[in-house]
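Here's the letter readout for the chains.
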Amino acid sequence: MDLSTIILPEHVFVGVSAPTKWRALQILSSKAASCFGLDETMVLRALETREKLGTTGIGNGVAVPHAAIAGMTRPRGLMVHFAHAVDFEAIDDVPTEWAFVLLFGEAGRSDYLNVLAAIARRLRTEGVLTAMRQAKTADELYSVFLSDTIL
């Protein structure tokens with residue numbers, strides 16, 4: 001799975017401030033709606049509905065809020081680095097530094113699982129999280145996340 005076709009460089013945001021998980025979901029919904037030409041309220045409702053089923057905080061400072069959105073034909077994503085870690089009630093109780101927002105069509109639920117697996121594999125690669133913490137700009141963060149070589 002080529003994550004560079006799901007998360008584009010212009011869909012990476014650094015220094016996003018959110019005091020709570022629910023405020024973070026509002027901000028993420030706004031950014032996703034703007035990037036993908038979607039209705040912000042629809043995106044927020046979908047992300048909140050999913051989050052109420054159980055946390056999307058997968059651990060190691062990462063959350064993957066995701067939802068099916070009517071009319072979407074392929075998975076699309078955002079990568080966000082928060083200015084201050086947000087409590088996403090992650091499974092390991094580590095506050096969330098990064099959110100990967102994934103939106104996909106109703107018929108694309110299996111696509112979402114493939115994207116999630118690709119993100120998880122990338123984050124388990126030795127040195128990736130450390131290098132992501134050192135990235136100062138959206139371009140650096142994107143490059144580090146997608147790079148085949150981590151120093």
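Residues numbered from 1 in each chain as written. Predicted model: local features only at pLDDT ≥ 70, side-chain atom pairs only at ≥ 80, totals over all residues. Heavy atoms only, no water.

If you check an unreviewed UniProt entry, the protein appears there as PTS system, nitrogen regulatory IIA component from Rhizobium hainanense.

We now examine the overall build of the protein. Within the protein, the regular secondary structure consists of five helices and six strands. Against the globule reference of 15 Å for 151 residues, the protein gives a C-alpha radius of gyration of 14 Å, in line with a compact fold. Looking at the 151 residues of the protein, the share that counts as buried comes to 49%. Counted over contacts in the protein with a minimum sequence separation of 6, partners at least 24 positions apart contribute 68%. Split by element, the accessible area of the protein, about 7,500 Å² in all, is 51% carbon and sulfur. If you average the places of the 14 positive and of the 17 negative side-chain charges in the protein, the two averages end up 2 Å apart. (Helix = DSSP H or I, 4+ residues; strand = E, 2+ residues; numbered from the N terminus. Rg over C-alpha atoms; globule rule 2.2 N^0.38 Å. Buried < 20%, exposed > 50% of the residue type's maximum accessible area, 1.4 Å probe, protein only. Contact = heavy atoms within 4.5 Å. Areas by Shrake-Rupley, 256 points an atom, 1.4 Å probe, with all protein chains shown as cover. Lys, Arg positive; Asp, Glu negative; His and termini not counted. Charge placed at Lys NZ, Arg CZ, Asp CG, Glu CD.)

Within strand β5 (residues 76–86), eight of the eleven residues are buried, which leaves it mostly tucked inside the rest of the structure. Across seven bridges, β5 lies against strand β6 (residues 96–104) in antiparallel orientation. Pairing of Met79 across the sheet is with Phe100, part of β6. (Pairing = 2+ DSSP bridges.)

This part covers the nonpolar core. Considering soluble globular proteins, one finds that nonpolar side chains tend to be buried as a cluster. Among the nonpolar cores identified, the biggest contains 26 residues, and Met79, Phe100, Ile119, Leu123, Met132 and Phe145 are the most heavily contacted of them. Those elements giving two or more residues to this core turn out to be β1 (7–16), β6, α3 (109–124), α4 (128–134) and α5 (138–146). Ranked by residues supplied to this core, first place goes to α3 with five residues. Not counting the four nearest positions on each side in its chain, Ile119 is found in contact with Leu3, Phe100, Leu102 and Phe145. Core analysis: the next-biggest nonpolar cluster, separate from the first, contains 25 residues, Leu28, Ala46, Ile69 and Val80 among them. (Core = buried A, V, L, I, M, F, W, Y, C linked by side-chain atoms within 4.5 Å.)

Attention now moves to helix α1 (residues 21–36). The first and last C-alpha atoms of α1 sit 22 Å apart over 16 residues, in line with the 22 Å expected at 1.5 Å per residue. Lining the buried residues of α1 we find β1, α2 (40–53), β5 and β6. (Expected span 1.5 Å × (residues − 1).)

Over its 16 residues, α3 runs 23 Å from end to end, which matches the ideal 22 Å to within 8%, given 1.5 Å per residue. Of all the residues in α3, the buried ones are Tyr112, Val115, Ala118, Ile119, Ala120, Arg122 and Leu123. In this fold, the buried residues of α3 make contact with β3 (62–63), β4 (66–68), β6, α4 and α5.

Note that Ser29 resides in helix α1. With residues near it in sequence (within four places) discarded, Ser29 still touches Glu40, Val43, Leu44 and Leu47.

Across all of its chains, the model carries three aromatic pairs by this definition. Look at Phe82 and Phe88: their rings are 6.4 Å apart centre to centre, the planes differ by 35°, and that puts the pair in the tilted class. Judged on exposure class, the residue Phe82 and its partner Phe88 are both buried. Taken together, a centroid distance of 5.2 Å and an interplanar angle of 25° make the contact between Phe104 and Tyr112 stacked. By relative accessible area, which is 3% here, Phe104 ends up buried. Given the relative accessible area of 10%, Tyr112 is considered buried. Looking at Lys31, its charged tip hangs above the ring of Phe13, at a distance of 4.4 Å from the centre. (Phe/Tyr/Trp six-rings, centres within 6.5 Å; stacked < 30°, edge-to-face > 60°. Lys NZ or Arg CZ within 6 Å of the ring centre and 35° of its normal.)

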